[in-house]
Every structure is written in structure tokens, then in C-alpha cells.
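Listed here are the chains, written in short residue letters.
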Amino acid sequence: MATGPEAARAATGPEVDLGPLGIDGGGHLLIAHALARLPVGSPLTVLGGGPHLPVHLRAWARERGHRVEGNVVIGGDADHRRLAGARRAGATGDVAERAPAAWGLAARGAIVEPGAPPLVGADLDRREEVWTELAPKLYAQAAAGQWDPATAVDWTPPELADEVEVAVVQVMTYLIENEQAALAVPARFIGRIHPHYREVVQFLTTQLADEARHVEVFTRRGRLGGRPFGVSGAGGRASLLTLLDEPEWPTASFLLSVLGEGTFLSLLSFLERHAPDPVTARIAHLALQDEARHVAFAMAHLSEHLRSDPALRYRLAAAVRRRHDALLDTAGLSDHVHDALAILAAGEWSHEAIGRGWTLVGSLQEEMNEARGRRLVRLGFSEHEANELSALHTRNFM
Amino acid sequence: MTGPLLMGAVAYDPKVVTIWDGFRRWFDDQDLAFDYVLYSHYERQVEDLVAGRIDAAWNSPLAWVRTRRMAPAARAAAMRDTDRDLTSVLVVRADSTLEGPADLRRRVVATGAVDSPQGTLLPLGLLEGVDVAVRRFEVGVGLHGDHIGGERDAARALAAGEVDAACMLDANHLLFSRDGTLPAGRTRVIAQTPPFDHCNMSVVGEHPLLERFVALLLAMDYADPVARPLMDLEGLTRWLPGRESGYGALEAAVGRTGFYDERGVVTADGYRP
Ligand SMILES: [Fe+2]
Ligand SMILES: [Fe+2]
């Protein structure tokens, strides 16, 4: 047998009790919540709600397209209509093959109410161009791997022979301009990547932050001995500017990160091993860890892109050849840098040490060439083509 | 050859340009030749409608009352869902001893502008026969209360203790309670008007596109992503056929205050739009 209040409820239909909450204090949330669970046109009796309810209920309901009779709200269909054409911006946990401009800046998986202007300028909107399954993991690693230049390095000035300190400063001068290029290139593309591919954008922003730190630590080391900076060679700068001119994302990423930063892995590892002072060794070590991620990301997204579009290989190869041709008349790595690397590795101003440094730089260049070739083979180039392209890579390393 | 259907609207806010530009594009997409002109106040808009210089007027309720007096054949062709069954309220401070309109005898009541139906003309009807001093907050005179400033100033005066009661639209009492103009829980409503209707699309003469114009309005769908932002801006979720039965109280108030005479001549004291 039904008890009194339950019977009354059945007779009067659904109710919502606002208790002491007025509509000016959030009570409407309870009404909207209850209406959302009822079919359009159903009456909902509103109880409680404080002294202003008779005034506020009709005002609130009117603006939302509901009708009111006394303390009964008859739910309208405006909320349903607002989302009538809405679709989800892909699945929360999965990226779409293509991200429409109409999704705009919506979170992946959000219900996108139609009607806003489309996102303009995000033309890198296809999964195959930008995405890699490794992006979320690499982003997480990058976020966890951010270090503070102020505390990650003991900045006690080293005491080196004048000639060696001058060489270190020259190498830092060279590194800084390379880091600025490595910052500028992805910066030009981040805004063009559709935000649906969130982790790619996130990863690249950590890459920018990494490069910003590299610029900082190489600058600090350069100034640590109180000497002026060295020479910025015309050939090196010309080489870097061709990277900034690369208009397409896959080729820019390939030239910068696979070939350039890939080569820099060898260089930074060389600097870490042969640095004449602990500060140089430490900052080379920290930068090397970051660069390894940059190379890994580019290798991953280009591998996946090549799998879905094997013809991309020809565009990549053509980009290397084009850049080589553009740089034919330039000097490549300046003698200033090459010689400074030898003296840096020598660590002291003696015949024996200089000879050793000179030999080390020679083997560094061989090692760079071999490592570039290995990466190209991993991307699917033939041994022959990999050797050819590696040899065409700029002598400026980056 | 007839020209486009020409509608008048009052520019009470810069967004009015956005709204009617958007409607113009929307009608154009539906192949209806539509254009609009903006007025700085309602009186000239009504005069132009009656004179046939415009084919339709997006009218305030007071402008509708005047249109009807000047042109008895005028029709309310359409209105927003949000134009139906509004109420205005008479508000006092919660700690006052005032219980009903009669208690306001020889007290000061704040209202909106002289020409505001919801902020002045209609709620003052609740005080008919009560000897009160009215303190009007004349913001946007000529806009027939479309500008919320007068009601807000009246509410502020109430909260500050400068007046004993204030008149305002039900929705504005909610708005002012939410945004802090009226401190939460510190006011009490002592009277509420019966429901009245607000704006309508008034027409007087004939125009070959009029029927289609109204039909398109009524078919405007909140589910249409192009129309919805315009509807949101204009504050409706659907257009309804015009209803002429919701203006009786305002007619009576206009008669009582002598705002217009029977032929629609402006007779209100000191009203200069
Ligand atoms: Fe770097
Ligand atoms: Fe890098």
C-alpha cells in the first residue's frame, strides 16, 4: 500500500525541491538538472526556493524557453535544439584521421555546438602529417625532464688556458645560433597544427622550451670567462636560414630534427666527453638528453607518415638535395668552429693535445655521417640512398 | 517592382547593428529582400511606420500602444517567446516594515525612465490611489526602458536606503540579486503585476513580402547554427505569432498617466526623447 506522500507525488508528477536555495543563489541548477531527465513538455513542480521563487522562476524559465504555471515549469526544447547538430570532436582517447576546422579549439571528445567561425590557419589537420602514437609518451617524458639552468648546473667559472677558453667561447657562439634556429623552426609550425592533435602541439612547445634553455646555458657558458663572443660565420648562418625557409612541415622536421638535431646528438656527446671543464660537459649532457627526444619525435612521426604515404620519401630526399644545392656556394662549417672544436677537445695548448683534438674532430665527423645514414635507413631509405643523402647534408652539422 | 521589406529598429545598444545585420544576411540567404533602418528613439520609428516610410517596426510595448492609437488597423505580426507574460515587481528592503503597496503612502518609490513600461508605467499601476513620491531614474529616455540603466539606478537607490521601494522587471530583480546590485537576501517583493507582453513586430500597411517575412520568422529554428547566435543575441528561443491581448494594462497606464492622447500624440509631461 502506498504511503501518503508517495501517492501524492504520483498524482502530481515529478517534483524538485530547491530547499532554501533561491534561483538567485544556484537553485536553477537543480531545476535544469531535473528537466534534463524529463521529456520535453513535461511538467515539473518546483518546491522550496525561498521567498523570491514566484518572481524569479518565471523570469528564469522565460529566458530559457520554458513555460511556467504557478510553481510548475513545463520544459521547453531550446537546450535540445541548441545541440541538435552537435557532434563530438572525435573520441577522447583516439585521434581522428582528419580534424575539421569547425572543431576549432574544442577539447578532443567535446560536444561541439555548431555555429562558431571555423579555425583559420590550422592547415596541418591530418593525422598522417603530424601524429605519432609516441606523442603522448614523449610529451610526458619532456614535461618530466624539464630542468632549471640555475640549479642543474654548477656555474663556478673554470680556469682554462686562454687559448682553450677562447675555443670554448667560439663553440658556444656557434651553438647559440644553431639553438635559435632549432627554436624558430618548430615555432613556425605549432600554430598550424590542429589542436585536436594536442600532444603533438604540447610536445613541440616543450621542444621550444628546451631550445630556449639551450640558448640560455650556452650563452651563460660563453660569458662565464668574461670574454667576448666569437665569430658567427656567414656560411653557417646561410645554412641555418635555409631551415627557416622550408615551407612544409614534414620536410622542415626532417631537415631540422632527423638530419640536423640527429647530427647534434653526436656533437653534444662529443662535447660532453671531451669538454675541458665541468660546466661545458654538464650543459652538453643536459642538452643532449633534450635533443634525443626531439630526434625521437621526428623519427616517430615521419616513420608513421612514410608508412601511410611512401611517396613522401621522394619529397624528403628532394629537400636534402635542394638544400645542398642552395648551399653549394657557401663555406659550410666555418674554420673558426672546426678549429675551436679541436682546441676544445685538446683541452690544453700543447703539440700533443692539439694533435689529439684534431684527430678527435675528424672521427666526430665520420661518426656523424654514419649515424645520419643509420637514421635514414631506419626511415626506409636504401643503404645507397642513405649514404648519398647523408653526404649531401650541410657541413654546418645542423 | 517593389523594394525590399524595410524594418525599423531602435538602436538602444551597439549590438542592435550586429543583430539586424545578421538577420539581413539570414533573410538574404532565404531569398527575402530585407533591409532595416535604425532609430535613436521609438517615437520617430512609430511615426515613420504609421506614415508608411517603413513596412514593419520592431516595437517596444509602449511603441505598440502608440502605433495602435495612431493607426487602429495596426497588427502585431510576431513576437519573441520571451515577450510573453512578463511581470514587474515592487521591491523593498527586507528589513523594512512595509508589507504591501498601501504601506508606501507618503514614501519615496524609485522607478526607471518616464517611458519604461516595465520599470515605471506598469509597476506604478500597483500603487494606484496611493499617495507616493516617485523618484524617476531617467536613463535612455526615448528607448522605452530598453536600456536597463534606469532600473539599475533605482535598485541601487533602494539598496543605499535613499528610497523606500523600487520598481523593476522580474528578470531584472533576478539579475540584480545575482550580480550584487541588490545584496542577496536583503530585499523583499511586496507586489507583482499581472503578466503583460513586451515587444512585437508591428505592421500597419501592406507589403507583398510581409507574409513571407513573418512566415520565415516563425520558422526560424534554434537548432539552426546560423540563426541561433542571432536568436541568442536578440534573446529568444523561438518566434511566436503576435498576440495583442497582453497590452491591456499598459493601455490603461498610458491612459491614466496621459502619456499619449487617444490619437497617439505625445502628451507626457517633460518627456523629450
Ligand atoms: Fe637544442
Ligand atoms: Fe632540439
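A.B. asks: I tried to follow the packing of aromatic side chains on my own but got confused; where do I start?
C.D. replies: Two aromatic rings are characterised by how far apart their centres lie and by the angle between their planes. Following the criterion strictly, the structure yields 18 aromatic pairs over all chains and no others. Ring centres 6.4 Å apart and planes at 90 degrees place the aromatic pair A:Tyr174 and A:Phe397 in the edge-to-face group. Of this pair, A:Tyr174 sits in helix 8 (residues 162-190) while A:Phe397 sits in the segment after helix 16 (383-392), placing them 223 residues apart in sequence. Across this residue pair, the class does not change: A:Tyr174 and A:Phe397 are buried. Members of the aromatic cluster, joined through ring pairs, are B:Trp20, B:Phe23, B:Trp26, B:Phe27, B:Phe34, B:Trp58, B:Phe213 and B:Trp239. For the cation-ring pair, A:Arg213 lies above A:Trp147, with the distance from its terminal atom to the ring centre recorded as 4.4 Å. The ring centre of A:Phe381 lies 5.7 Å from the NZ or CZ of A:Arg313, which sits over that ring.

A.B. asks: Would you mind showing me how to read the pairing of strand 6 (residues 108-111) of chain B here?
C.D. replies: Looking along a regular strand, one sees side chains alternate from face to face of the sheet. Taken together, the four bridges between strand 6 of chain B and strand 7 (residues 133-136) of chain B define a ladder with parallel strand orientation. Paired with B:Val109 across the strands is B:Val134, a residue of strand 7 of chain B.

A.B. asks: Even after reading the chapter, I still don't get the coordination of the iron ion (ligand 1), so can you show me in this structure?
C.D. replies: Angles at a metal have ideal values that depend on geometry: 109.5 degrees with four tetrahedral donors, 90 or 180 degrees with six octahedral donors. Residues and elements named next belong to chain A. The iron ion (ligand 1) binds to the protein through Glu179 (OE), Glu211 (OE), His214 (ND1) and Glu291 (OE); the donor distances cover 1.9 to 2.2 Å. Bound by four donor atoms, the iron ion (ligand 1) shows angles of 83 to 156 degrees at the metal and therefore irregular coordination geometry. For the pair the iron ion (ligand 1) and the iron ion (ligand 2), the metal-to-metal distance amounts to 3.5 Å, and Glu211 bridges them. Taken together, the residues span a long stretch of sequence, with Glu179 in helix 8 and Glu211 in helix 9 (residues 198-224) at a distance of 32 residues. Judged by its relative accessible area of 0%, Glu179 falls in the buried class.

A.B. asks: I tried to follow the sheet that holds strand 11 (residues 239-241) of chain B on my own but got confused; where do I start?
C.D. replies: Backbone hydrogen bonds are what pair the strands of a sheet, in a parallel or an antiparallel way. Residue and element names in this part refer to chain B. Spatially, 2-1-3-10-4-11 is the arrangement adopted by the six strands of the open sheet, whose pairing is mixed. The outermost strands of the open sheet, each flanked by one partner alone, are strand 2 (34-39) and strand 11. Along the sheet, successive strands turn relative to each other by an average axial angle of 25 degrees, direction set aside. Strand contacts of helix 3 (residues 61-70): strand 3 (56-59), strand 4 (75-80) and strand 10 (200-203), with the helix running at about 135 degrees to strand 3, the strand carrying the most contacts.

A.B. asks: Would you explain the interface of chain B and chain A in this entry?
C.D. replies: Reports often express the size of an interface as the amount of accessible area lost when the parts come together. Listed as interface residues are 27 residues of chain B and, on the opposing side, 22 residues of chain A. Contact between chain B and chain A buries roughly 2000 Å² in total, counting both sides, with carbon and sulfur atoms accounting for 52%. Considering only the surface of chain B that becomes buried against chain A, B:Leu174, B:Arg178 and B:Arg228 emerge as the three largest contributors, covering 25% of it. Where chain B touches chain A, the interface holds five salt bridges. In this structure, A:Asp77 and B:Arg238 form a salt bridge, with 2.7 Å as the shortest nitrogen-oxygen distance. Here chain B and chain A share 14 residue pairs in polar contact (both at pLDDT 80 or more) between them. Where the side of chain B that touches chain A is concerned, the elements lending two or more residues are helix 6 (170-179), strand 9 (187-192) and helix 8 (227-234) of chain B.

A.B. asks: What should I look at first to understand the sheet that holds strand 6 of chain B in this one?
C.D. replies: All names here are of chain B. Taken together, five strands build an open sheet; the order of strands is 7-6-8-5-9 and the sheet is mixed. Edge strands, defined here as strands with exactly one partner in the open sheet, are strand 7 and strand 9. Taking each pair of neighbouring strands and ignoring which way they run, the sheet shows an average axis angle of 30 degrees. Contacts from helix 5 (residues 149-159) reach strand 5 (88-93), strand 6, strand 8 (165-169) and strand 9 within the one sheet, and its direction differs from that of strand 8 by about 150 degrees.

A.B. asks: Mind showing me how you'd approach the environment of B:Glu262 here?
C.D. replies: Residue placement: B:Glu262 occurs in the segment after helix 9 (248-257). Each C-alpha atom, one on B:Glu262 and one on B:Ala71, is 11 Å from the other, the two residues being 191 residues apart in sequence.

A.B. asks: When you look at the coordination of the iron ion (ligand 2) in this model, what are you seeing that I'm missing?
C.D. replies: All of the protein donors around the iron ion (ligand 2) are A:Glu211 (OE), A:Glu261 (OE), A:Glu291 (OE), A:Glu291 (OE) and A:His294 (ND1); their distances to the metal are 1.9 to 2.7 Å. All donors to the iron ion (ligand 2) come from one chain, and their sequence spacing reads E-x49-E-x29-E-x2-H.

Calculation criteria
Residues numbered from 1 in each chain as written. Chains lettered and ligands numbered in written order. Predicted model: local features only at pLDDT ≥ 70, side-chain atom pairs only at ≥ 80, totals over all residues. Heavy atoms only, no water. Phe/Tyr/Trp six-rings, centres within 6.5 Å; stacked < 30°, edge-to-face > 60°. Helix = DSSP H or I, 4+ residues; strand = E, 2+ residues; numbered from the N terminus. Buried < 20%, exposed > 50% of the residue type's maximum accessible area, 1.4 Å probe, protein only. Lys NZ or Arg CZ within 6 Å of the ring centre and 35° of its normal. Pairing = 2+ DSSP bridges. Donors = N, O, S within 2.8 Å, 3.2 Å for Na, K, Ca; no water. Tetrahedral: all angles 85-135°; square planar, octahedral: opposite > 155°, others 65-115°. Axes fitted to C-alpha atoms, helices over the stretch in contact; angles between N-to-C directions. Contact = heavy atoms within 4.5 Å. Buried area = accessible area lost by both parts, 1.4 Å probe. Salt bridge = Lys/Arg side-chain N within 4 Å of Asp/Glu carboxyl O. Polar contact = N/O pair within 3.5 Å; in protein donor to acceptor, adjacent residues only side chain to side chain.

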